[in-house]
Amino acid sequence: MRRNRRFLMLLLMITSLGYAQNPTPSEREMIEQLAQQVKALQEQVKLLESQRQRPGPDANNSAALNSMGTGPPAAEDASDPQHEPFLQGLHDLNGIQWIGFGEVNYKVLDQRTPELGSYGFVSGSHGNFYTGDFDLLLTARINDKASVLSEIVFGEGDAQSFGVDLERILLKYDYSDRLRMSFGRYHTGIGYYNTAFHSGSWLQTTPDRPLIMEFANDGGPLPTQAIGVSVTGEIPSGKLGLNYIAEYGSSDTIRPDDAIGSTDENNGNHFNVGFFARPQSIPGFQVGGSLYHDLISDDIRGPDVRLGQTIVNAHIVYMGHKIEFLNEGFLIRHAYEQGPTVYNMPAFYSQVSRQFGRIRPFFRYQYINANSSSLLEDIGLRHGPSFGARFDFNDNIAFKIQLDHTLRKGQPDLNGLHSQLAFTF
Amino acid sequence: MSTMQARIAIALVGTWIAAQTGILPAFAQNTDIAVVVSSQNAVDNLSAAEIRKIFAGEKRSWAGNIPIKLFVRAPGARERDVLLKLMNMSESEYKQYWTGRVFRGDAQAEPIALFSNGMQKEAIALYPGAIALVNLQDVKPGMKIVRVDGHKPGETGYPLN
């Protein structure tokens, strides 16, 4: 019997060892997790100590607790009254929170002249390093429903000059899930990409944006930014998960142009209306579309010549199970107010990627067919594939490499290599 | 080894294998993770899809437009593992997901990660719109357990474990 007990003890020890080793796939990950916990606890202790240094308990917190009548019993664990102001302070996040994004790029093309979207690329050289956008995102909470968001970008121009751009400044007010309002400068809700990805390249899988979604001041064809009001929210639709977006504002887009330096489209006020569905049964799936309209001027024919710009978008997106599948189609319609001239310019891109450990290989195909007599004559017809991979060193630093092959109407094919070190902090 | 020893060894090894492979229903019920809200919250039942939407920050207010306040456990806790399973994300993906939401202006900050269930209890007591995932054995007085897809934690068919 005694031998049986010893044998049982031995088996139980082996079993318990098995349990201890099982929860994490490797000891290294467990050590990393423990180190993270220790770091987090150290930060917590620091915060608690700073709370203790305050002269007395926060009267508002005490009032809140008393009104709820849910004060913790003395015998409960973690019932130290210091937790309450700590939690309150932690969740309310008073003051300005910020996130930074940066990037360092190396891009080489098999032509000497600079190409669309290659801002910072010095004309006449085969390959260059450039920093791209250095992006500071600042958010601040005003109360439970109101907050402020601003995005300040330091962009690189020619000859390592830098300019500051207030990409977004928004006063946000979330009345409910069905009505969320933003006032200020926003990224227009044309399609998916423009509102899902902003200036911080770290969030993107690829080093660059698809050409159709390139920011207007980098050569993109769409009015990507505007100042005005943007309203969005859910539409009661059960499991369909229908949402709307409505925008009214001024975009006043300026595009760089090889021939005349830049094109100031002097846009009138625009409206943009979109709908999209996120079905509950397929998390990560989104399907939708939008309609944008404004009046722009023709710089070549003079500011008195106006044309209506209508942009129709449809998109299908899936982000889940380590898969990214982005598909967007556009029709840009320019119709002159005086005369029958109308240009219908289609564009689309399709991007697919999948995470394998730290590596995410991707493939993208993009197409744009801009009429050579239109305001987008510098873009013309171009299409082609891009492929590459993103490697995440950790949660903050990623390296991306991309090869492009672009076919252009009336010009030789263009090949490019773009590598990027993107980071967030 | 006697027959008795052999039987005990087989039984223990069998139990261990069953526990490792997750085919012990009774064991699983004890490790269910409860969805808890403030006792002032009128909600009694949520679907698993609704809970995912809430913890993904897509649903941001309760009925009556009371803002939802998310509290989650810090990495390393079992509740955190269940949260990631619910979201179908790794820890890195979860971090990137919330950075993206903040960047898009869909959230002010990543949900607060708390280091103990005691702190979760304090948070639930402090905020009428609070919601958290808590190991069933650690549910304290003052926390209101919400049914998920009509099931209470510990019942067969409860999805969060």
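No experiment lies behind these values; they were computed from the predicted model shown. (Residues numbered from 1 in each chain as written. Chains lettered and ligands numbered in written order. Predicted model: local features only at pLDDT ≥ 70, side-chain atom pairs only at ≥ 80, totals over all residues. Heavy atoms only, no water.)

**Points about the overall build of chain B**
- Looking only at helices and strands, chain B has six helices and six strands in total.
- Counting helices and strands in the order they occur from the N terminus, chain B gives α-α-β-β-α-β-α-α-β-α-β-β.
- The burial tally for chain B puts 50% of its 161 residues in the buried class.
- Residue pairs in contact within chain B that sit at least 24 positions apart in sequence constitute 67% of those at least 6 positions apart. (Helix = DSSP H or I, 4+ residues; strand = E, 2+ residues; numbered from the N terminus. Buried < 20%, exposed > 50% of the residue type's maximum accessible area, 1.4 Å probe, protein only. Contact = heavy atoms within 4.5 Å.)

**Looking at the overall build of chain A**
- Each helix and strand in chain A was counted, giving five helices and 19 strands.
- Looking at the 425 residues of chain A, the share that counts as buried comes to 46%.
- Put simply, chain A shows about 20,900 Å² of open surface, and 61% of that area lies on carbon and sulfur atoms. (Areas by Shrake-Rupley, 256 points an atom, 1.4 Å probe, with all protein chains shown as cover.)

**Here we look at the environment of A:Val231**
Residues and elements named next belong to chain A.
- Turning to its location among the elements, Val231 is positioned in strand β7 (residues 225–234).
- The sequence separation of Val231 and Tyr244 amounts to 13 residues, and the corresponding C-alpha distance is 8.2 Å.
- Excluding residues within four positions of it along the chain, Val231 makes contact with Leu179, Arg180, Met181, Tyr244, Ile245 and Ala246.

**Looking at the pairing of strand β14 (residues 323–336) of chain A**
All names here are of chain A.
- Sheet topology note: the strand β13 (residues 302–320)/β14 ladder contains 14 bridges and is antiparallel. Considered in β14, the bridge of Ala314 is made with Gly329.
- Counting the residues that bridge the hairpin from β13 to β14 gives two residues, and of these His321 lies at a positive phi of roughly 50°.
- The sheet contact formed by β14 and strand β15 (residues 342–354) spans 13 bridges and is antiparallel. Looking at β15, one finds that Gly329 is bridged to Phe348.
- Once β14 ends, the chain turns through five residues before running back antiparallel as β15, passing Gly339 with a positive phi of about 105°. (Pairing = 2+ DSSP bridges.)

**A short note on helix α5 (residues 91–104) of chain B**
Residues and elements named next belong to chain B.
- With 14 residues, α5 ought to run about 20 Å at 1.5 Å a step, and its terminal C-alpha atoms sit 20 Å apart, in line with that.
- For α5, every residue scored as buried is listed here: Tyr94, Tyr97, Trp98, Thr99, Gly100, Arg101, Val102 and Phe103.
- Looking one or two residues past α5, Gly105 carries a phi angle of roughly 85°, positive in sign. (Expected span 1.5 Å × (residues − 1).)

**Some remarks on the packing of helix α3 (residues 48–55) of chain B against helix α4 (residues 78–87) of chain B**
Residue and element names in this part refer to chain B.
- Contact geometry of α3 with α4 gives a least axis separation of 9 Å together with a crossing angle of 105°. Classed by the angle they form, the pair α3 and α4 counts as roughly perpendicular. Across the interface between the two elements, Ala48, Ile51, Arg52 and Phe55 of α3 pack against Leu83, Leu86 and Met87 of α4.
- In terms of residue class, the contact of α3 with α4 is built from six nonpolar, no polar and one charged. (Axes fitted to C-alpha atoms, helices over the stretch in contact; angles between N-to-C directions. Parallel < 35°, antiparallel > 145°, perpendicular 65-115°, else oblique. Nonpolar A, V, L, I, M, F, W, Y, C, P; charged D, E, K, R; others polar.)

**Quick word on α4(B)**
Residues and elements named next belong to chain B.
- Within α4, seven of the 10 residues are buried, which leaves the element mostly enclosed by the surrounding structure.
- Within α4 the residues assigned to the buried category are Glu79, Arg80, Val82, Leu83, Leu84, Leu86 and Met87.
- Asn88 sits one or two residues past α4 and shows a positive phi near 60°.

**Comments concerning the confidence of the model for chain B**
Residue and element names in this part refer to chain B.
- Across chain B, the average pLDDT comes to 82, with 84% of residues at 70 or higher.
- Residue range residues 21–29 is modelled with pLDDT below 50. Its contacts to residues more than four positions away, or to other chains, number eight contacts.
- Scored by ipTM, the complex comes to 0.71, with pTM at 0.74. (pLDDT = per-residue confidence, 0-100.)

**A closer look at the sheet that holds strand β6 (residues 143–148) of chain B**
All names here are of chain B.
- Across the sheet, six strands lie side by side as β2-β6-β1-β5-β3-β4; this open sheet has mixed pairing. Two strands lie at the open edges of the sheet, namely β2 (45–46) and β4 (112–114), each paired on one side alone.
- Two strands pair when backbone bridges link them, and strand β1 (residues 33–38) and strand β5 (residues 130–135) are joined in this way by five bridges, in the antiparallel orientation. Within β5, the residue paired with Val35 across the bridge is Leu133.
- Sitting on the sheet, α4 is in contact with β1, β3 (69–73), β4 and β5, with an inclination near 115° to β5.

**Considerations on the packing of α4(B) against α5(B)**
Residue and element names in this part refer to chain B.
- At their nearest, the axes of α4 and α5 sit 10 Å apart, and the two run at 70° to each other. Considering their axes alone, α4 and α5 lie roughly perpendicular with respect to each other. For the pair α4 and α5, the crossing hand works out as left-handed. Along its contact with α4, which presents Arg80, Leu83, Leu84 and Met87, the element α5 presents Glu91, Tyr94, Tyr97 and Trp98.
- Partitioning the contact of α4 with α5 into residue classes produces six nonpolar, no polar and two charged. (Left-handed = near helix turned anticlockwise from the far one by under 90°.)

**Focus: the nonpolar core**
- In this structure, A:Ile212, A:Phe330, B:Val35, B:Phe55, B:Met87, B:Ile131 and B:Leu160 are the most contacted members of the largest nonpolar core, which totals 70 residues.
- Not counting the four nearest positions on each side in its chain, B:Phe55 is found in contact with B:Leu70, B:Phe71, B:Val72, B:Leu83, B:Leu86, B:Met87, B:Trp98, B:Ile131, B:Ala132 and B:Leu133.
- Judged by nonpolar contacts, the second largest core, of 14 residues, contains B:Met119, B:Ala123, B:Tyr127 and B:Met143. (Core = buried A, V, L, I, M, F, W, Y, C linked by side-chain atoms within 4.5 Å.)

**Topic: the side chain of A:His270**
- Inspection of the secondary structure puts A:His270 in strand β11 (residues 269–277).
- Setting aside residues up to four positions removed in sequence, A:His270 forms contacts with A:Tyr186, A:Thr188, A:Ala226, A:Glu247, A:Tyr248, A:Gly249, A:Ser250, A:Ser251, A:Tyr292, A:His293 and A:Asp294.

**Details of a nonpolar patch on the surface**
All names here are of chain A.
- A cluster of nonpolar side chains, namely Val104, Phe129, Phe393, Ile397, Phe399, Ile401 and Leu421, defines an oily patch on the protein surface of about 590 Å² accessible area.
- When residues of the nonpolar patch are assigned to their parent elements, the largest contribution, three residues, is made by strand β18 (residues 397–408).
- Here Phe399 lies in strand β18. (Patch = residues over 30% accessible without salt bridge, like charges linked within 9 Å, V, L, I, M, F, W, Y side chains within 5 Å. Salt bridge = Lys/Arg side-chain N within 4 Å of Asp/Glu carboxyl O.)

**Focus: the packing of aromatic side chains**
All names here are of chain A.
- For the coordinates displayed, the defined rule picks out 15 aromatic pairs over all chains.
- With centroids separated by 4.7 Å and ring planes inclined at 50°, the aromatic side chains of Tyr106 and Phe129 adopt a geometry described as tilted. Here Tyr106 is found in strand β1 (residues 96–109), whereas its partner Phe129 is found in strand β2 (residues 127–130), with 23 residues between them in sequence.
- Put simply, the rings of Trp98, Phe134, Phe154, Phe423 and Phe425 touch in pairs and so form one group of aromatic residues.
- When the ring centre of Tyr175 is taken as origin, the NZ or CZ atom of Lys145, which lies over that ring, is 5.1 Å away. (Phe/Tyr/Trp six-rings, centres within 6.5 Å; stacked < 30°, edge-to-face > 60°. Lys NZ or Arg CZ within 6 Å of the ring centre and 35° of its normal.)

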